[in-house]
Amino acid sequence: MITEPHKRIPARGLLAWRISGTLHSVFPFVFSGGAIAAAILFNWPIWVIGASLMFYSAYAYLVIMTFPSLKWKRWRYEVRENEIELKYGLFVIKRTLVPMIRVQHVDTRQGPILRKYRLATVTISTAATVHEIPALDMDEAEELRFFISQLARSAENDV
Amino acid sequence: MMSNPKRLHPISAAVNFLKHLKEMLVPFLVFVVFGSRGGNGEIVQLVLSIGIIAAVFLIGILTWWRYTYRLEEGELRIEYGVLVKKKRYIPLERIQSLDLSEGLLQRPFGLVKMKVETAGSTGAGEAEAVLTAISKEDADFIQQAFSAAKNNPSEPEAEMQNREVIYKIKPGELFLLASTSGGAGVVISAVFAFVFQFEEIIPYEKVFTGLEGFIANGMIFVSLLIFIVFLMAWLIALIGSMLKYAGFTLIRSEKELIVTRGLLEKRQMTIPLNRIQAIQIRENLLRQPVGLATVYIESAGGSIEDNESARLMILPIVKKTRIAGLLKPHLPQYELQPGFFKAPKRALNRYLWRGFLWILPFVAVPLLLFRPWGYFSLVLLVLALGWSHLKYRDAGWDISSQQLALRYRGIVRTTVFMRRNRIQSLSVKESYFQKKRNLATIEAAAMSGAGGTGGTVRNLDRKEVYAIYKWYSYTGLKQQKKRP
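This structure is a prediction, so every number in the text was calculated from the model and none was measured.

About the cut-offs
- Residues numbered from 1 in each chain as written.
- Chains lettered and ligands numbered in written order.
- Predicted model: local features only at pLDDT ≥ 70, side-chain atom pairs only at ≥ 80, totals over all residues.
- Heavy atoms only, no water.
- Helix = DSSP H or I, 4+ residues; strand = E, 2+ residues; numbered from the N terminus.
- Buried < 20%, exposed > 50% of the residue type's maximum accessible area, 1.4 Å probe, protein only.
- Contact = heavy atoms within 4.5 Å.
- Areas by Shrake-Rupley, 256 points an atom, 1.4 Å probe, with all protein chains shown as cover.
- Patch = residues over 30% accessible without salt bridge, like charges linked within 9 Å, V, L, I, M, F, W, Y side chains within 5 Å.
- Salt bridge = Lys/Arg side-chain N within 4 Å of Asp/Glu carboxyl O.
- Core = buried A, V, L, I, M, F, W, Y, C linked by side-chain atoms within 4.5 Å.
- Buried area = accessible area lost by both parts, 1.4 Å probe.
- Nonpolar A, V, L, I, M, F, W, Y, C, P; charged D, E, K, R; others polar.
- Pairing = 2+ DSSP bridges.
- Axes fitted to C-alpha atoms, helices over the stretch in contact; angles between N-to-C directions.
- Expected span 1.5 Å × (residues − 1).
- Arc of directions from axis to C-beta.
- pLDDT = per-residue confidence, 0-100.
- Parallel < 35°, antiparallel > 145°, perpendicular 65-115°, else oblique.
- Left-handed = near helix turned anticlockwise from the far one by under 90°.
- Bend = angle between axes of the 7 residues up to and from the residue.
- Lys, Arg positive; Asp, Glu negative; His and termini not counted.
- Charge placed at Lys NZ, Arg CZ, Asp CG, Glu CD.

**Some details on the overall build of chain A**
Next up, step 1: On a plain count of helices and strands, chain A comes out with 5 helices and 6 strands.
Next up, step 2: Reading the secondary structure of chain A in the N-to-C direction produces α-α-α-β-β-β-β-α-β-β-α.
Next up, step 3: Within chain A, the proportion of its 159 residues that are buried is 42%.
Next up, step 4: Across chain A, contacts joining residues at least 24 apart in sequence account for 51% of those joining residues at least 6 apart.
Next up, step 5: By element, 66% of the accessible surface of chain A is carried by carbon and sulfur atoms, the whole surface being about 9,000 Å².

**Here's the deal with a nonpolar patch on the surface**
Residues and elements named next belong to chain B.
Next up, step 1: Residues L224, F227, I228, L231, M232, W234 and L235 make up a contiguous nonpolar surface patch of roughly 650 Å² in combined accessible area.
Next up, step 2: Structurally, the position occupied by F227 is in helix α8 (residues 219-245).
Next up, step 3: By relative accessible area, F227 is classed as exposed at 52%.

**Concerning the nonpolar core**
Residue and element names in this part refer to chain B.
Next up, step 1: Core analysis: the biggest nonpolar cluster contains 37 residues, and L250, I276, I279, I314, L315 and L327 have the highest contact counts within it.
Next up, step 2: Elements with a contribution of two residues or more to this core: β8 (164-168), α5 (171-179), β10 (256-261), β11 (266-272), β12 (276-283), β13 (292-299), β14 (311-319) and α9 (320-327).
Next up, step 3: The dominant element in this core, judged by the number of residues it contributes, is β14, at 6 residues.
Next up, step 4: Excluding its chain neighbours within four sequence positions, the residues that come into contact with L315 are Y167, L250, A293, T294, V295, L326 and L327.
Next up, step 5: Within the second largest apolar cluster, 29 residues are counted, among which are Y351, V428, I442 and A444.

**With respect to the pattern of salt bridges**
Next up, step 1: Using the criterion set out here, one finds 30 salt bridges over all chains in the structure.
Next up, step 2: R70 of chain B is the partner of E72 of chain B in a salt bridge, and the nearest nitrogen-oxygen pair spans 3.3 Å.
Next up, step 3: By relative accessible area, which is 9% here, R70 of chain B ends up buried.
Next up, step 4: Each of E4, E78, R80, E83, E85, K87 and R95 of chain A takes part in salt bridges that share partners, so that together they form one network.

**A short note on the interface of chain A and chain B**
When the parts of a complex come together, some accessible area is lost, and that lost area is often used as the size of the interface.
Next up, step 1: Listed as interface residues are 25 residues of chain A and, on the opposing side, 30 residues of chain B.
Next up, step 2: Taken over both partners, the interface formed by chain A and chain B buries close to 2,400 Å², and the fraction arising from carbon and sulfur atoms is 53%.
Next up, step 3: Viewed at the interface, chain B and chain A are joined by 1 salt bridge.
Next up, step 4: Residue E443 of chain B is joined to K94 of chain A by a salt bridge in which the shortest nitrogen-to-oxygen separation is 3.4 Å.
Next up, step 5: For the side of chain A that touches chain B, the secondary-structure elements that each account for two or more residues are β2 (83-88) and β3 (92-99) of chain A.
Next up, step 6: Class assignment of the residues belonging to the side of chain A that touches chain B gives a composition of 12 nonpolar, 5 polar and 8 charged.
Next up, step 7: Relative to strand β19 (residues 423-431) of chain B, β3 of chain A runs antiparallel, the two being bridged by 6 bridges. Paired with I93 of chain A across the bridge in β19 of chain B is E430 of chain B.

**Things to note about the environment of L83 of chain B**
Next up, step 1: As for its position among the elements, L83 of chain B is in the loop between β3 (75-80) and β4 (86-91).
Next up, step 2: For L83 of chain B and L62 of chain B, which are 21 residues apart along the polypeptide, the C-alpha to C-alpha distance reads 9.7 Å.

**Side note on the sheet that holds strand β18 (residues 413-419) of chain B**
Residue and element names in this part refer to chain B.
Next up, step 1: Taking strand neighbours across the sheet as the criterion, the 7 strands line up as β14-β13-β12-β18-β17-β16-β15 in an open arrangement whose pairing is antiparallel. A strand with exactly one partner marks an edge of an open sheet, and here the two such strands are β14 and β15 (341-342).
Next up, step 2: Bridging between strand β16 (residues 396-400) and strand β17 (residues 403-409) involves 5 bridges; their strand directions are antiparallel. When the bridges of β17 are listed, D398 appears paired with A405.
Next up, step 3: Contacts from α9 reach β12, β13, β14 and β18, with the element oriented near 125 degrees to β14.

**Considerations on helix α2 (residues 26-41) of chain A**
In an α-helix, one turn spans 3.6 residues; hence positions three or four apart end up facing the same way.
All names here are of chain A.
Next up, step 1: In this model, α2 (16 residues) spans 22 Å end to end at C-alpha, consistent with the 22 Å of a helix rising 1.5 Å per residue.
Next up, step 2: Looking only at α2, the buried set comprises P28, S32, A35, I36, A38 and A39. Across the axial projection of α2, the buried residues extend over an arc of 165 degrees, all falling on one side. Across α2 from its buried face, at more than 90 degrees, point the exposed residues F27, F29, V30, I40 and L41.
Next up, step 3: Looking at the packing, one finds that the buried side of α2 touches α1 (11-24) and α3 (47-74).
Next up, step 4: Among the residues trailing α2, N43 stands out with phi positive, at a value near 55 degrees.

**Focus on the pairing of β16 of chain B**
In summary, the side chains of a regular strand alternate between the two faces of the sheet.
All names here are of chain B.
Next up, step 1: By the bridge criterion, 2 bridges tie β15 to β16 in an arrangement that is antiparallel. Along β16, the bridge assignment pairs K342 with G396.
Next up, step 2: Here β16 hands over to β17 after 2 residues, with S401 in that stretch at a positive phi of 45 degrees.

**Here's the deal with the confidence of the model for chain B**
Residues and elements named next belong to chain B.
Next up, step 1: In this model, chain B carries an average pLDDT of 81, and 81% of its residues clear a pLDDT of 70 or more.
Next up, step 2: Averaged over each element, pLDDT in chain B is lowest for helix α4 (residues 156-161) (49) and highest for β17 (94).
Next up, step 3: Confidence drops under pLDDT 50 across residues 121-127; counting only partners more than four residues distant or on other chains, this segment forms 9 contacts.
Next up, step 4: Across residues 477-484 the pLDDT falls below 50, and counting only partners more than four positions away or on other chains, this stretch makes 3 contacts in the model.

**Remarks on the packing of α1 of chain A against α3 of chain A**
Residues and elements named next belong to chain A.
Next up, step 1: Packing of α1 against α3 leaves a shortest axis separation of 9 Å and a crossing angle of 155 degrees. By the criterion of interaxial angle, the relationship of α1 to α3 is roughly antiparallel. Two packed elements cross with a definite hand, and for α1 against α3 that hand is right-handed. Every residue of α3 that contacts α1 at A11, L14, W17, R18, G21, T22 and H24 is listed here: Y59, V63, I64, M65, P68, S69, K71 and W72.
Next up, step 2: Among the residues making up the contact of α1 with α3, the classes are represented as 9 nonpolar, 4 polar and 2 charged.

**Observations concerning helix α10 (residues 347-369) of chain B**
All names here are of chain B.
Next up, step 1: In this model, α10 (23 residues) spans 34 Å end to end at C-alpha, consistent with the 33 Å of a helix rising 1.5 Å per residue.
Next up, step 2: In the structure, α10 departs most strongly from a straight axis at I359, where the bend amounts to approximately 45 degrees and where the proline P361 lies between one and four residues downstream.
Next up, step 3: Within α10, burial applies to A347, R350, Y351, G355, I359 and V363.

**Description of a positive patch on the surface**
Next up, step 1: Together, R8, K73 and R74 of chain A together with K435 of chain B line one region of the surface with positive charge.
Next up, step 2: In this structure, K435 of chain B sits in helix α12 (residues 432-436).

In C-alpha cells, the structure reads:
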C-alpha cells in the first residue's frame, strides 16, 4: 500500500480556523440574542430563551471547537516529486492524488485572518478539478507554487 | 487563395440583424406595450420603434462590413468590431475542432456556418470564433489547412482519400433512437412552463372549480387527456430527434473522427483522435433491456456555452456487443469490452440504505398525513429499493493496462473509459459506515470541454479501490524506473 501522506497543517492554522469559526457564529448570536430579547419584551414562554441559548451554544461549540479540531486532526498532505496527495474530511475521509504533470496552475489566497498568522490557502487546478490545501505556511505555499510551476514547465502539455 | 482578408457572405448581415432583433425582443415589447400613454405618445413611440429597428439593421450591416477573415502564416486571422477594432489570431494547431452547420438561412445560398473551437480553459465561449456564412469551398479550404497543420503538413491530399465510414444510421435505427430518447420529458416540461405563463390571462382556478364536479365523475376522461398530452409530447420529441439525427454518419479520416448529422440543419463535427479524453457508453432504461447503447466521446474542445461539442455522440444507437468491434480499429488504445469487477455482496446493504434514506421523507410524510391515499407512497419505497438494487448490480471497475473503466448508474447506466494519462485526479472516499464494512468509493475526473467529467463508483471492495489508487499513483512507478 502507498504510504499515507504525513504532513500536517501548522497548528496556527487551527487557531485561524477557530477565529473564522467565531466570526461565523456572529449571525446565530444575533439571531438568538434577538429571540431572547423578544421573549423578555413580549412575555413569550420561558422555553424560547432556553432553546435560543441551547441553539447558540451548540452551534458555537461545533463551529469554533469541534469542527476545526476534527478538520485539523484529519488533514494530511504531501507534495512529492511526481504527485500531490491530500487526505481530509470530517465524516467521509477523502484521499486524492493529483499528478504533477496534470497540474495547470497553483494559486495562493490569503484573507486577513490567514495573513495575521502568516498562512495561505493553496489552490491546485487541473484541467478538470480544483483542489485546496486550506492553510499552509506562507513560505511553504510560495515554495510549492514555485516547485509546481518549475515542473509544469518541464513536463509536456498533452491535454 | 485565402491570404487576402475576406468578408462573410452578405447573408450574415441578415443573420446579425435577426440575432440582435431577437435579443431586443423583450425590452422592445415592454416598451411597445407599456410605453403608450395616449395622444402624442403613440407617434413618438412609432418613430422611436422604427428608429430602433433601423439602427439595429444598420449595426447588422456594419458588423458584417467590418468582419473579415483570412488564413495567413498558419493562423486563422479574424478582424472585427464596429467601434473598437478587434483582432483575433488563432494558430491552426491550437484549434481543437471545427464544427460546420447549415441552417435555414445558409442553405439556399450553398453556405455553411463554421464554428472554430480552441481549448476550453479560456471559458465563457470567448476563445471561439464563429464564421456565420462562408462558402463551402472556403470551409473546405480552412478544414484542409487545419488538418494539415495538425498532422503531417506535406500531404493534405492523401488525408482526404483516407476516409472510412465507421457507422451510418439506418432508418429503422433512427426511428428506434428517436422513440427511445428522453426528449419527451423535455417537451412536456416546456408545455407546462408555457401553459403556466398564461396563468394571469386564463382564469385556471375558475376553470378548475367548474370542472371539479365533472372531474370527480370523469377520472377516465382526465386520464385520457393526460395520456394524449404525453403522446403528443412524445411525438413532437420523436420528430425533433429524427430531424436532428437523420443521416448520422461517423467517418474516420487519418487522425480525426468526423460526425455529420441533421436534416434541416446539417452539422459536421470534427474531433482529432489525440484530443479524446474519455469514452462513455450510456444505456438508458428503455434501451438497456434490448441491449442497445449510445457512445460518446469527451474531448478537450468546446466552451461553457456549448457543451454539446465537448461531449460528442459518435454512435447514437448500437448493439452493445458491436461497439468494441466497430471502434477497436480506430481507437486501439481503448479496451471497450473488459470484464468488470463488481461490488461485493456486503455492499448491497449500503446501497439499499442509501436509497431508503433518500426516499424516506417522500414516503413518510404522505403516510402520516394523508391516509388512506398515503399508503400509495409505499410504491415509491419499493421503486427506490429496486433502483438501489440496480445501482448495486451495475457498480463495477476494471483496469486494462493503461485504462481505467468505471461503471455506475445514476438514472442511465454509464460506463466510462479513461486512459491513465487523461485522468486529471483520482480520489478514494471512505465514510465511517463504509470503513466498518471494508468498502470504499472511487472517484476519477477527466477533462471535458471547459469543465470536468469522470465517474464515481460507490461501495467497492476497499482493497480493490486501493489497488486502483496505487495503479494511478506516479510515485511507485517512477521509483522502480530509477533503480536500474
